[in-house]
Structures are given as C-alpha cells and as structure tokens.
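# Architecture and fold: a report
Given next are the chains, with one letter for each unit.
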Amino acid sequence: MNRRNFIKNTSAAGFSATTLAVAACSTDKQTKATDAAPGTFTDDFVLNEVTIGELQEKMKAGQYSSADITKLYLDRIEAVDKNGPRLKSVIEVNPDALTIAAALDEERKAGKVRGPLHGIPVLLKDNIDTGDKLMTTAGSLALNGHKAAKDAFVTAKLREAGAVILGKTNLSEWANFRSTRSSSGWSSRGGQTRNPYVLDRSPCGSSSGSGSAVSANLCAVAVGTETDGSVIAPASFCGVVGIKPTVGLVSRSGIIPISSTQDTAGPMTRTVTDAAILLGAMTGYDPADAVTAESKGKALTDYTPFLKADGLTGKRIGVEKSFLTGHEGVVGLYKQAVEVLKKQGATVVEVDLLKSLSDIGGAEFTILQYEFKDGLNKYLATANARVSSLADVIAFNKKNEAQAMPFFKQETLESSEAKGGLTSKEYTDALAKTRGSRQRIDQLMAANKLDAICGVSIGYAGCIDLVNGDYDTGFYFCPPAAMAGYPHITVPMGTVHGLPVGFSLMAGAYQEGSLLGIAYGYEQASKKRIKPTFTNSLIPS
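Residues numbered from 1 in each chain as written. Predicted model: local features only at pLDDT ≥ 70, side-chain atom pairs only at ≥ 80, totals over all residues. Heavy atoms only, no water.

The protein chain carries the name Amidase in an unreviewed UniProt entry, which gives Fibrivirga algicola as its organism.

Our focus in this paragraph is the overall build of the protein chain. Of the regular secondary structure elements, the protein chain holds 18 helices and 13 strands. The C-alpha atoms of the protein chain give 21 Å as radius of gyration, which agrees with the globular expectation for 541 residues (24 Å, within 12%). If you line up the protein chain on its principal axes, its C-alpha atoms span 60 × 55 × 55 Å. Looking at the 541 residues of the protein chain, the share that counts as buried comes to 63%. Intrachain contacts of the protein chain at a sequence separation of at least 6 include 78% that bridge at least 24 residues. (Helix = DSSP H or I, 4+ residues; strand = E, 2+ residues; numbered from the N terminus. Rg over C-alpha atoms; globule rule 2.2 N^0.38 Å. Buried < 20%, exposed > 50% of the residue type's maximum accessible area, 1.4 Å probe, protein only. Contact = heavy atoms within 4.5 Å.)

For the rest of this paragraph, the subject is helix α10 (residues 328-343). If you check α10, its first and last C-alpha atoms are 22 Å apart, about what 16 residues at 1.5 Å a residue would give, namely 22 Å. Residues Gly329, Val330, Val331, Leu333, Tyr334, Ala337, Val338, Val340 and Leu341 constitute the buried set of α10. Check the buried side of α10 and you find it contacts β9 (316-320), β10 (347-351), β11 (452-456), β12 (488-496), β13 (499-506) and α18 (512-526). Following α10 by one or two positions, Gly345 adopts a phi angle in the positive range, close to 95 degrees. (Expected span 1.5 Å × (residues − 1).)

Let us look at the state of the cysteines. Under the definition given, this model contains zero disulfides. Left unpaired, Cys238 is separated from the closest cysteine sulfur, that of Cys204, by 8.2 Å. The class for Cys238 is buried, based on a relative accessible area of 0%. With no disulfide of its own, Cys454 lies 14 Å from the sulfur of Cys478, the closest cysteine sulfur. (Disulfide = S-S within 2.5 Å.)

Note on strand geometry: in a regular strand, side chains alternate between the two faces of the sheet. As defined by bridge partners, β9 adjoins β10 across five bridges and the pair is classed as parallel. By the bridge assignment, Gly318 is partnered in β10 with Val349. Once you follow β9 into α10 and on to β10, the crossover reads as right-handed. (Pairing = 2+ DSSP bridges. Right-handed = clockwise from strand over helix to strand, strands pointing away.)

Further remarks concern the packing of aromatic side chains. The final tally for this structure, using the stated rule, is 13 aromatic pairs. Pairing Phe177 with Phe372 gives two aromatic rings, centres 5.2 Å apart and planes at 65 degrees, and the pair type is edge-to-face. On the criterion of sequence distance, the pair formed by Phe177 in the loop between α6 (173-176) and β4 (186-187) and Phe372 in helix α12 (residues 361-381) is long-range, its members being 195 residues apart. Exposure class is identical for Phe177 and Phe372. Each is buried. For the ring pair Phe323 and Phe475, a centre distance of 5.7 Å and an interplane angle of 45 degrees mean the geometry is tilted. Residue Phe323 is located in the loop between β9 and α10, and its partner Phe475 is located in the loop between β11 and α17 (479-484); the two are separated by 152 residues in the primary sequence. (Phe/Tyr/Trp six-rings, centres within 6.5 Å; stacked < 30°, edge-to-face > 60°.)

On the basis of which strands lie adjacent, the open sheet formed by eleven strands has the order β1-β3-β2-β6-β8-β7-β12-β13-β11-β9-β10 and mixed pairing. Every interior strand has two partners, whereas the edge strands, β1 (90-93) and β10, have only one. Across the sheet, the axes of successive neighbouring strands diverge by a mean angle of 30 degrees, strand direction being ignored. Along the sheet face, helix α7 (residues 208-215) touches β1, β2 (121-125), β3 (164-169), β6 (221-226) and β8 (264-269) and points at about 155 degrees away from the line of β6. α10 rests against β9, β10, β11, β12 and β13 of the sheet, and its axis sits at about 120 degrees to β12. (Axes fitted to C-alpha atoms, helices over the stretch in contact; angles between N-to-C directions.)

Our focus in this paragraph is the UniProt feature "domain: Amidase" (unreviewed entry) in the protein chain. UniProt tags residues 68-516 as "domain: Amidase" (unreviewed entry). A helix fraction of 36% and a strand fraction of 15% characterise residues 68-516, whose end C-alpha atoms lie 31 Å from each other. (UniProt positions renumbered as here; feature names shortened; annotations may be inferred.)

Below, the discussion takes up the side chain of Gln192. Residue placement: Gln192 occurs in strand β5 (residues 191-192). Within the structure, the side chain of Gln192 is placed 2.9 Å from the backbone oxygen of Ser184, a separation counted as a polar contact. (Polar contact = N/O pair within 3.5 Å; in protein donor to acceptor, adjacent residues only side chain to side chain.)

Counting buried positions along β2 yields five of five residues, so the element is predominantly enclosed. Here β2 shows no split at all, with Pro121, Leu123 and Lys125 on one side and Val122 and Leu124 on the other all buried. In the sheet, β2 pairs with β3 via five bridges, with the strands oriented parallel. In the sheet register, Lys125 faces β3, and the bridge partner there is Thr169. Handedness of the crossover is the feature at issue here: the chain leaves β2, passes through helix α5 (residues 153-160), returns alongside β3, and the resulting connection is right-handed. Both β2 and β6 contribute to a ladder of three bridges, which runs parallel. Among the inter-strand pairings, Leu124 is bridged to a residue of β6, identified as Val223.

Structure (structure tokens):
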C-alpha cells in the first residue's frame, strides 16, 4: 500500500486488502526511471549471498582481509550500481573505507577482534550522520554539501563494533515525507533507485537504497530507518530481512527525523542471523535520546542465542485474516507461510488486528506532520547546512524547482510547516488516540495468548511511475507496530512473477529476541530468499 496515502486515509477507509494487479510497467519514457535499463547482466560476484559469519571465517583463515572484502564491494557498487543494471542504490561511497578496513586488519593481526562485525562493510541510509567525509542529506538538494560534525549514536556504535562504513544509500527524499504522490526510491540528489529483481519496478520506501543494495549484494549488511513501513516495506519488495525495533531500543540522535514517537533505525540483511548480529551492535542507552532510557535492562548486545531451528515449536501465532483474501498470488504465498508455522509446531489463531485499529490511522498523519516540523527544525538549527529550518527547505525547493521538484512537489512539507507547536490541542488529541494502539494490541495478544502476530508485509513491487507516484499494493501490515512502537520483522516469503513478497511478524515491546527466534524458525524451514535476477522488465520483448 502507498504508505503516505494509507496514513492520510486510514480513518476513513479502514485497513483493506484490495486487489493487486501485476501490471506491465509503462514503456512511456516519462513514467519510467530516467535512465534506460541496460541489457543482460551476468552476475558472478564472488561474494554473492555471503553472510557475516562466512566473511569472518574467510578473514580468520587468511583467505581475505577486510581491505580485500571492502575493495570487492566497492568494485561491485561500481559494476552494478553505477554501470550494469544501474540500481542507483548507493548515493555516495566512503573515500576512507579502504583505510578504515586496513586499520582493522592490523588490529586483527595484533590479536584484537572486536566482535562479529569486525572488518565487515556496512552501508548506512543517507539520513544517518557520519562525522567524516560523507554527506548526510536525506536525498535532498537543499542539504547537498552538508557534512555532520559527528557520528550519529548508531554510527558510533557500529564503528566501535569494528564495522567499515562503506558509504550511504539513496532513499525516498526526506524519508518519503515530501509529497503525497512521490515515487518511492527517488531523491533529487540520488535519482531513482531500482528494484534489483525487475529493474522498472519500485524498491519501495523510504529505505529504498538500503534494501536494494543489500539484496543486490553491494554490501554485507545495511542500516535503514522507519517511521511507518520504511524498513519493512523495502525489505519485502527487495527480498531481504528487515527489522523495525521497539522505539527506544536504538537511539535516533544524529538521524534526520520525522517522528519522535515512531522513528527508529533498523537492520536490513539477507538472513535473520545477520539481522540479529547487526541489531545487537546498534542498541544502547544514549543520553541524547531520552526514550532509550526505557531500554535499560531490556536491550541486549547479542540476539543470536534466540536463533534456534525449532523456534516455532510451542508458539502461538495470530494470523491476520484480512490477508487471506485478495490477489491470489500473494494470498497463496501467505497461506503457504501459515502452513509452515503449523508444520514447525506453532499453533495459529486467526485474528482481525487491522480492523480493530482502523479508526486510528488518520491521527497518525497529524502527529507526523507536527513532529516532523519540530524535529527537523531542531536538527537543522545545529547542522552545517545551507538551510536552517523547514521553511528554508521549502523556499530552497521553490527557488530550485526544476532540479529539486521535477516530477512531484512538496505538499507534505508545506502542510507540516503550517502546523503549530507540540502543545497544540490537535497534536495532543491525535497522540492520545494513537497511543491507544498499544492497549488494543496488548489486549488482543493477551486474549489469544499470542507470542506474535503475522501478516503480509506489503504486496509486491509496483511499477516505477515518476509522474503519478506509488500506487496501492493491496496489502500493508506496518501501521500497527509503527503506531505502537513495537518490534516488527519481515522475512522473504516467496515470489510471484519474480517479485518478492515478505512475511511479517510483530510482537510486544522489547520482544526482539523472541521475535527473531520465531522468524529464524520460519526462515530455516522455508528458505525463500533468492538472489536478484536484474530482469529489465516483465513486458515481453
């Protein structure tokens, strides 16, 4: 589903699972990505589908150094992202990546290995600060040239764990909070990111570049951010694993914000194991982000002990029943996934979670507008950027309309700027309404004695359409966990017409360990992740 339209219209329309069409993407050059996709791409990359554990084994055995691995990924980005299929998933590479990797290799030679991420190349979404030579722009030309004074808390944690910051990924500009008819994966700085399975299909947003890059093996793992669907949806469209953690588990300081109540960073990886490893390196209390105080005594630095092949045995899983009807391809995959749960020893119970929350979604959009204005103004006030407020961004875009807004405009930025402060009654009333989502979810889970609730993450990828923007996929399971601030994970569920669909699992606050265990049990029993095909189009030649 179009996340922006969902948030705006939910209170009136409810949560629906409408028919999803697998349309052939238009051949009209105006409605496709601006660069024509090239011909057949032969993919024989030596590190295809490699895991963190396998990379560590290669470094331990002396087969590869971190510098070797980093160089391979830099070359891969050049071959796939800039040439070849031209995914445009990476907006900038780190000029110091090889130097960082070499220093970590020296540490390894001296007997110091910081942990499972030591020497592992990681890509970060371009709304996460890095205190280095990389820019942080949220994909906006208004922030072009902006270099953060210091690392975001998450970036610092990853460096501390020994990760090599490989570069920044493209995203839906301003994390998909600029226009009601934007094309997910497009930014004025980075252009249009493509889906690596079918190149004229959307990678979804807003962590489009992170999802596309991980799926296409341009890095070992990546970090995205989510407010409502921005990790889960692109992970689903791009056939990878994505985790939206509990709000409070991962600090948001140094991340260009949308919502103080819903924002979080999260792992995007090719396996559940790698997601668990990456998540453990990202947690921690940060005085600069007060909500992380809630994670004390609940956050872990290692989630891998939860990963057991029998992770589904004895679990009770709620099955969102609204997804049992709709497009036969998606519904077929969903029913197969539910059968896997049963065969692996889980008890399934049909639930109607989306219907129970159908009166709340409109309030969510109100909250996001208020919090976006407040949070962005605070971020820009101390940034080394040419703009220092949301009003400045809007003015810049108008002045540079041909470059900044060639396809769609900025009505969401403008509607946010028109809002007042966080003491406004409209804001506080909306906040009270959405906070009721936690109680309803908790009540549903308690009444049915559930360990998790599952659903279809989102449908499968629509056509890239820069003129009309994204369109409804008919399935969308992100809002409940987003509004409640609860953890949510998506795992590949299979493909239809070569387009991936994700299987979602959500649970209560700080239940990441249990949720990862369930997801791992499903992943190991189903094994639905497949390498991208870089198909040009579904249109017959």
